[in-house]
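As a plain string of letters, each chain reads:
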Amino acid sequence: MNLLILASNSFTDVKPGLIIWTWITFIIVLIILRRFAWGPLLSAVEGREKNITNAIESAKRERAEAEKLLGEQKTAIAAARQEAADAVRKTQADMEKFREELMSKARKEADSLKLDAQRAINDERVKAIAELKGEAAKLSIAIAEKLLNERLDDAKHQALAQQFVQDLGKKQTPQA
Amino acid sequence: MKRFVLILVALFAVPAFANEPEGHAEPSGPVDKKKETADFILHHVADDTVFEMEIPFPPYHLPAIHIADAFSFLKFERTPGACDGHAPAGFESFPSLGLFLNGCWDLRPTKAILMMWVACAVLFSLLFLGRKRDQNGVPRGVLAHLIEVLALFVRDEIAVPNLGKEEGKRYTPYLTSLFFFILAIDWLGLIPGMFAATGVVTVTAALAIITFILIQVAGIRSAGLGGYLKHLTGGVPAFLWPIMIPVEVIGLFTKPFALLVRLFANMLGGHMVVFFLLSLIFVWTIGAAAVALPLTVAIFCLEIFVGILQAYLFTLLTSLFIGQGVAMGHHAHGDDHAH
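Since we're looking at a predicted model, the values are computed, not measured. (Residues numbered from 1 in each chain as written. Chains lettered and ligands numbered in written order. Predicted model: local features only at pLDDT ≥ 70, side-chain atom pairs only at ≥ 80, totals over all residues.)

**Some details on the overall build of chain B**
1) Next: The number of helices and strands found in chain B is nine helices and four strands.
2) Next: In chain B, the succession of helices and strands from N to C terminus is α-α-β-β-α-β-α-β-α-α-α-α-α.
3) Next: When the 339 residues of chain B are sorted by exposure, 34% land in the buried category.
4) Next: Looking at chain B alone, contacts between residues at least 24 apart form 64% of all its contacts between residues at least 6 apart. (Helix = DSSP H or I, 4+ residues; strand = E, 2+ residues; numbered from the N terminus. Buried ≥ 20, exposed ≤ 12 C-beta atoms within 10 Å, placed from the backbone. Contact = placed C-beta atoms within 7 Å.)

**Looking at the overall build of chain A**
1) Next: Helix and strand content of chain A: three helices and zero strands.
2) Next: Ordered by position in the sequence, the α and β elements of chain A form the string α-α-α.
3) Next: In chain A, buried positions account for 9% of the 176 residues.

**Comments concerning the interface of chain A and chain B**
Bring the parts together and some accessible area is lost; that lost area is often taken as the interface size.
1) Next: The interface is formed by 35 residues belonging to chain A together with 44 residues belonging to chain B.
2) Next: Those elements that place two or more of their residues in the side of chain A that touches chain B are helix 1 (2–8) and helix 2 (16–151) of chain A.
3) Next: Here the element with the most residues in the side of chain A that touches chain B is helix 2 of chain A; it accounts for 22 residues.
4) Next: Each residue belonging to the side of chain A that touches chain B can be placed in one class, and the counts come to 22 nonpolar, nine polar and four charged. (Nonpolar A, V, L, I, M, F, W, Y, C, P; charged D, E, K, R; others polar.)

**With respect to the nonpolar core**
1) Next: Membership of the largest hydrophobic core comes to 77 residues, with the highest contact counts inside it found for Met115, Ala184, Ile185 and Ala197 of chain B.
2) Next: Listing elements by their share of this core, those giving two or more residues are helix 2 of chain A together with helix 2 (33–45), helix 5 (111–129), helix 6 (142–190), helix 7 (201–232), helix 8 (241–283) and helix 9 (289–328) of chain B.
3) Next: A per-element tally of this core places helix 6 of chain B first, with 18 residues.
4) Next: Apart from residues lying up to four places away in sequence, Ile185 of chain B is in contact with Met115, Met116, Ala119, Ala196, Ala197 and Thr198 of chain B. (Core = buried A, V, L, I, M, F, W, Y, C linked by C-beta atoms within 7 Å.)

**So, the packing of helix 6 of chain B against helix 9 of chain B**
All names here are of chain B.
1) Next: Where helix 6 contacts helix 9, the axes come no closer than 8 Å and their chain directions differ by 150°. It follows that helix 6 is roughly antiparallel to helix 9 by the angle criterion. For the crossing formed where helix 6 meets helix 9, the hand is right-handed.
2) Next: Each residue belonging to the contact of helix 6 with helix 9 can be placed in one class, and the counts come to 21 nonpolar, seven polar and three charged. (Axes fitted to C-alpha atoms, helices over the stretch in contact; angles between N-to-C directions. Parallel < 35°, antiparallel > 145°, perpendicular 65-115°, else oblique. Left-handed = near helix turned anticlockwise from the far one by under 90°.)

**Observations concerning helix 6 of chain B**
1) Next: The terminal C-alpha atoms of helix 6 of chain B, which comprises 49 residues, lie only 23 Å apart, well short of the 72 Å expected from a rise of 1.5 Å per residue.
2) Next: At Gly164 of chain B, helix 6 of chain B shows its maximal kink, close to 130°. (Expected span 1.5 Å × (residues − 1). Bend = angle between axes of the 7 residues up to and from the residue.)

**Brief notes about the packing of helix 7 of chain B against helix 9 of chain B**
All names here are of chain B.
1) Next: Interhelical geometry of helix 7 versus helix 9 gives an angle of 15° and a closest axis separation of 7 Å. Considered as vectors, helix 7 and helix 9 are oriented roughly parallel to each other. Crossing angle aside, the handedness with which helix 7 passes helix 9 is left-handed. On the side of helix 7, the interface is formed by Thr211, Leu214, Ile215, Gln216, Ala218, Gly219, Ser222, Ala223, Gly227, Tyr228 and His231, while helix 9 contributes Thr318, Phe321, Ile322, Gly325, Val326 and Met328.

**Here's the deal with the environment of Arg133 of chain B**
1) Next: Mapped onto the fold, Arg133 of chain B is located in the loop between helix 5 and helix 6.
2) Next: Separated by eleven residues in the primary sequence, Arg133 of chain B and Ala144 of chain B have C-alpha atoms spaced 7.9 Å apart.
3) Next: Ignoring sequence-local partners within four residues, the contact set of Arg133 of chain B consists of Ala44 of chain A together with Val138, Pro139, Arg140 and Ala144 of chain B.

Here it is in structure tokens:
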């Protein structure tokens, strides 16, 4: 009984006309919303999401690149420092060598100068001795001439003069 | 579920009220408040060809919109007099359907359709107002943000988890439209004087039929017609097919049926509860308002939530079922499918 009355009321009444109208309405809503609402909205959101992803990606990439660059720079700095240290060391070594060279050269020059000087002194001395010998001989001859002139006949004096000259020659000879 | 029971009670209450006056009430006798209240409530929540701005209890009736008269040209009688008769045998529960099959093509819009159009107009204008974005595609204004949050909620929480990234993108516009359509109708129906079209079984049935078609199309598209038919056998040995195939075929229909009943019953039930509570004031004493009004406010707030909840559920289950259809093709053939 109840079921029959339930059946006759309007709640379960499926109206074909209403179904068709609902479909028409919903499909028009679907088309309009798809075209004018969700299309722009979803594409805007997707664009935004893409932008964000891209930004994150590029940030990561840039970070990696920066880190790489930083590493490169660090190695470059280390290399430069090494190079500088090497250069300093090399310069010092060069300087040392140069100084040594200079010193040895100077020493050699001084030595040769000294030798030259000694040689010149020796030469001069030999020359001086020779001259002195000549002078002494001239002097003794002059003395002898004077003695001879004054006391030629004095045989004693003559022997003395001779003796004197001989002694002079003896005294000078070992020094020559 | 409780609400559904309430509706049933309400439905069965009709004969109870209906039988009473025949016994003792004279036309000039005192007004049977119970019957009048029940009639009023049922009249309000049922679909009709006339839209009235109702002010409770006669004689304060505002002028009504006679939708059926305005669209009378949409009523076609294939066979003369087909619309005058009663529903044919076997169609007692669905008189209009019976008449339709008999040749009475009544395509006139009703109150539900009118409300649906109003809801769509509201929805369009809100979406139009909330369309502003800056050059980065970021929405401007509260409304635009709200719309985007809801649309992205449908996309990210409903479409993509159930359908996968690729298919989810394909069905997102449909699901978002469905969600907003139902939500607009639900919430419009809460405004006093308006009428919730989703509380009419025909409307939810129409939406469920679209979902049904989409489920089958998704299944056939992903598994092929052969795979789709094979799926109906449930993967059991051939001698069990006479049992399995009817079960699977019934299963196809129960999913959308559950959808249509859930939405319809929730909306109808909620509105009836509000009216019942308010009617207590008139049926009992004015003092009942002390209880009835706070309860009504509470139920009304609950209804606001139920409106969005049911829109969400309808959309979620639609996408879930379409997802099952889509998944048909991804299973190896002969797999056992959990239903």
